[in-house]
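These are the residues of each chain, in order.
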Amino acid sequence: MEALIFYVLAAITVVSAFCVVLLRRPIHNVLFMILMMIGLAGLFILLQAEFVAMVQLIVYAGAVMVLFLFVIMLLNLESLSFPDDPRAVRWWGGMVLALGLLVLLIPVFKAFVPHVVGTLTQQNSSVLSNTQVIAKELFTTYLLPFEIASVLLLAAIIGAVVLARRR
Amino acid sequence: MVTLQHYLILSAILFAVGVMGVMFRRNLIVILMSLELMLNAVNLTFIAFSRYLGSIEGQIFALFVMVVAAAEVAVGLAIAVAIFRLEGTVDVNDIDLMKW
């Protein structure tokens, strides 16, 4: 059952990822990106990371993709045409690079043998709430990175406002 | 039985698709989207490791990746809008502000 769910979600994710890269209309790219993120959130739930799955849905599929959609509408990209140029070189370059990366990555990943090092074991994780465990770790061990992340977001907001301001 | 390798290979495929998109798309917005794809692939790796190593750190780092990705998207799209206002295009072949 778990394997079936995994393969269905993996198929959804990979197919929509290819659609994101290959389709020509930006609106379709965004919509398939949302589908990919929903599939990924399902995989996160399968991996018992419920909190990250919800954040994925709210922040990514919700906020970030709406931002993309908004910019595409704002710039009216549908009317913009990209005339054909010798893009075959780019195409094959990208293909070769991606395949080379896969050939490099897959043997490495296959060789990896996991062994449990932490305390979050199968039976332990069903007792404790995922959100509770994350919160505890985030507000104790990773408190400083958490605060720095908030400063980073503030800087990003200010930067975006300054950049997009009409002069 | 789904093993760690399944998730890692899926993540590798997603990452490679993202690299492909960055390499051969010309639309700046779609390139940003492909970057998001790569970050998501890395998140999947983090969470798969978190699950199979029995440690919460992977999920926390995935959250940090999401924070950085959100900041990157906000600034990246603002830059895209600024460039579109300046040059009237989002084609990366035509944007030559930093080429030499």
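Now for a look at the structure at hand. (Residues numbered from 1 in each chain as written. Chains lettered and ligands numbered in written order. Predicted model: local features only at pLDDT ≥ 70, side-chain atom pairs only at ≥ 80, totals over all residues. Heavy atoms only, no water.)

## Let's talk about the overall build of chain A
Here's step 1: Along the backbone of chain A there are seven helices and zero strands.
Here's step 2: Secondary structure elements of chain A occur, N-terminal to C-terminal, as α-α-α-α-α-α-α.
Here's step 3: The proportion of buried residues among the 167 residues of chain A is 32%.
Here's step 4: Sequence separation of 24 or more characterises 58% of the internal contacts of chain A that already satisfy a separation of 6 or more.
Here's step 5: Within the structure as shown, chain A displays about 10,200 Å² of accessible surface, and the carbon and sulfur contribution to it stands at 76%. (Helix = DSSP H or I, 4+ residues; strand = E, 2+ residues; numbered from the N terminus. Buried < 20%, exposed > 50% of the residue type's maximum accessible area, 1.4 Å probe, protein only. Contact = heavy atoms within 4.5 Å. Areas by Shrake-Rupley, 256 points an atom, 1.4 Å probe, with all protein chains shown as cover.)

## Quick notes on the side chain of asparagine 40 of chain B
Here's step 1: Note on placement: asparagine 40 of chain B falls in helix α2 (residues 28–52).
Here's step 2: Relative accessible area serves as the criterion here: at 0%, asparagine 40 of chain B is assigned to the buried category.
Here's step 3: Residues in contact with asparagine 40 of chain B, not counting those within four places in the same chain, are Met33, Met36, Met37, Leu40, Gln56 and Tyr60 of chain A.

## Section: the interface of chain B and chain A
Here's step 1: Residue-level contacts link 69 residues of chain B with 85 residues of chain A.
Here's step 2: For the pair chain B and chain A, the summed buried surface comes to about 7,300 Å²; carbon and sulfur atoms form 77% of the total.
Here's step 3: On the chain B side of the contact with chain A, Phe24, Met33 and Arg51 of chain B bury the most area, a combined 10% of that side's loss.
Here's step 4: Viewed at the interface, chain A and chain B are joined by zero salt bridges.
Here's step 5: No other element matches the 22 residues that helix α3 (residues 57–87) of chain B contributes to the side of chain B that touches chain A. (Buried area = accessible area lost by both parts, 1.4 Å probe. Salt bridge = Lys/Arg side-chain N within 4 Å of Asp/Glu carboxyl O.)

## Examining the nonpolar core
Here's step 1: Grouped together as the largest cluster of nonpolar side chains are 75 residues, with contacts concentrated most on Leu43 and Phe68 of chain A together with Tyr7 and Ile29 of chain B.
Here's step 2: When residues of this core are assigned to their parent elements, the largest contribution, twelve residues, is made by α3 of chain B.
Here's step 3: Aside from chain neighbours lying at most four places away, what touches isoleucine 29 of chain B is Phe68, Val71, Ile72, Leu75 and Leu77 of chain A together with Leu77 and Ala80 of chain B. (Core = buried A, V, L, I, M, F, W, Y, C linked by side-chain atoms within 4.5 Å.)

## Some details on the pattern of salt bridges
Residue and element names in this part refer to chain B.
Here's step 1: Within the structure shown, the criterion is met by one salt bridge over all chains.
Here's step 2: The partner of aspartate 91 in a salt bridge is arginine 26, with the nearest N and O atoms 2.5 Å apart. Residue aspartate 91 is found in the segment after α3, and its partner arginine 26 is found in the loop between α1 (4–24) and α2; the two are separated by 65 residues along the sequence.

## Some details on the packing of aromatic side chains
Here's step 1: Scanning all chains against the criterion turns up seven aromatic pairs over all chains.
Here's step 2: Their ring planes at 70 degrees and their centres at 4.8 Å tell us that phenylalanine 6 of chain A and tyrosine 7 of chain B sit as a pair that is edge-to-face. Within this pair, whereas phenylalanine 6 of chain A is found in helix α1 (residues 2–22), its partner tyrosine 7 of chain B is found in helix α1, the two belonging to separate chains. Residues phenylalanine 6 of chain A and tyrosine 7 of chain B agree in their burial class; the two are buried.
Here's step 3: Put simply, the rings of Phe6 and Tyr7 of chain A together with Tyr7 and Tyr52 of chain B pair up and form one aromatic cluster.
Here's step 4: We note arginine 51 of chain B situated over the ring of tyrosine 52 of chain B; from NZ or CZ to the ring centre the distance is 5.7 Å. (Phe/Tyr/Trp six-rings, centres within 6.5 Å; stacked < 30°, edge-to-face > 60°. Lys NZ or Arg CZ within 6 Å of the ring centre and 35° of its normal.)

## Quick notes on the layout of surface pockets
Here's step 1: Of the pockets and cavities examined, the largest pocket occupies roughly 310 Å³.
Here's step 2: Taken together, 17 residues form the lining of the largest pocket, with Val55, Leu138 and Phe146 of chain A together with Leu63 and Val67 of chain B sitting closest to its centre.
Here's step 3: Counting only elements with at least two residues in the lining of the largest pocket, the list comes to α3 (50–75), α6 (130–140) and α7 (143–164) of chain A together with α3 of chain B.
Here's step 4: Of the residues in the lining of the largest pocket, the class split is 15 nonpolar, two polar and no charged. (1 Å grid on protein atoms, 1.4 Å probe; cavity = no way out; pocket = protein on both sides within 12 Å on 5 of 7 lines; lining within 4 Å. Points joined across faces, edges and corners; volume = space filled by probe spheres on them. Nonpolar A, V, L, I, M, F, W, Y, C, P; charged D, E, K, R; others polar.)

Interpretation in functional terms is not warranted from these geometric data alone.
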